[in-house]
Amino acid sequence: MIKARVLIRPKEGILDAQGKAVEGALPALGFKGIEDVRVGRIVELQAENGSQLEELCEKLLANPLIEDYEVIEVHE
C-alpha cells in the first residue's frame, strides 16, 4: 500500500470566492500585507499502487475545467 496526498486548487484566472472571503477578512483580524489568498483542499488516500492516481484526480477528485491538482506526496 502507498499513502498519497493530492493538492487541489482553483486554476489561475478562476474566481476563488473562498479565497476572496478570507482575504477580505484579514484586515479586520489585524493581518496586514497578505494578498492573493487561494483556498484549496488536500485529499489523503491509500492505494495498492500509484498508477491510477492521475486518472482518479481527472475523473473524481478535481474538476479539470476549473481546478489544478498535484500529487504532492507518495510514501510506500
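Predicted model, so just to flag it, every value in this text is computed and none were measured.

(A) Just the side chain of Glu67, in detail. Within the secondary structure, Glu67 sits in strand β3 (residues 67-75). Separated by 2.8 Å, the side chains of Glu67 and Arg41 make a polar contact. Polar side-chain contacts of Glu67 include one of 2.7 Å to the backbone nitrogen of Asn63. The residues touching Glu67, leaving out its near neighbours within four places in the chain, are Ile8, Arg9, Pro10, Lys11, Arg41, Leu61 and Ala62.

(B) Broad picture of unusual backbone geometry. Positive phi, normally seen in glycine, also occurs at Asp36, with a value near 55°. Relative to the elements of secondary structure, Asp36 occurs in the loop between α1 (17-25) and β2 (41-47).

(C) Structural detail: the nonpolar core. Ile2, Ala4, Val6, Ile8, Leu45, Ala47, Leu53, Cys57, Leu61 and Ala62 form the largest nonpolar core, which has 10 residues in total. Among the secondary structure elements, those contributing two or more residues to this core are β1 (2-10), β2 and α2 (53-61). When neighbours within four sequence positions are excluded, Ala47 is seen to be in contact with Met1 and Ile2.

(D) Examining the pattern of salt bridges more closely. By the definition in use, this model includes 4 salt bridges. We note a salt bridge from Glu44 to Arg5, for which the minimum N-O separation is 2.5 Å. Pair noted here: Glu44 is in strand β2 and Arg5 is in strand β1, with a separation of 39 residues, a long-range link. Among the residues examined, Glu44 registers a relative accessible area of 53% and is labelled exposed.

Rules behind the numbers
Residues numbered from 1 in each chain as written. Predicted model: local features only at pLDDT ≥ 70, side-chain atom pairs only at ≥ 80, totals over all residues. Heavy atoms only, no water. Helix = DSSP H or I, 4+ residues; strand = E, 2+ residues; numbered from the N terminus. Polar contact = N/O pair within 3.5 Å; in protein donor to acceptor, adjacent residues only side chain to side chain. Contact = heavy atoms within 4.5 Å. Core = buried A, V, L, I, M, F, W, Y, C linked by side-chain atoms within 4.5 Å. Buried < 20%, exposed > 50% of the residue type's maximum accessible area, 1.4 Å probe, protein only. Salt bridge = Lys/Arg side-chain N within 4 Å of Asp/Glu carboxyl O.

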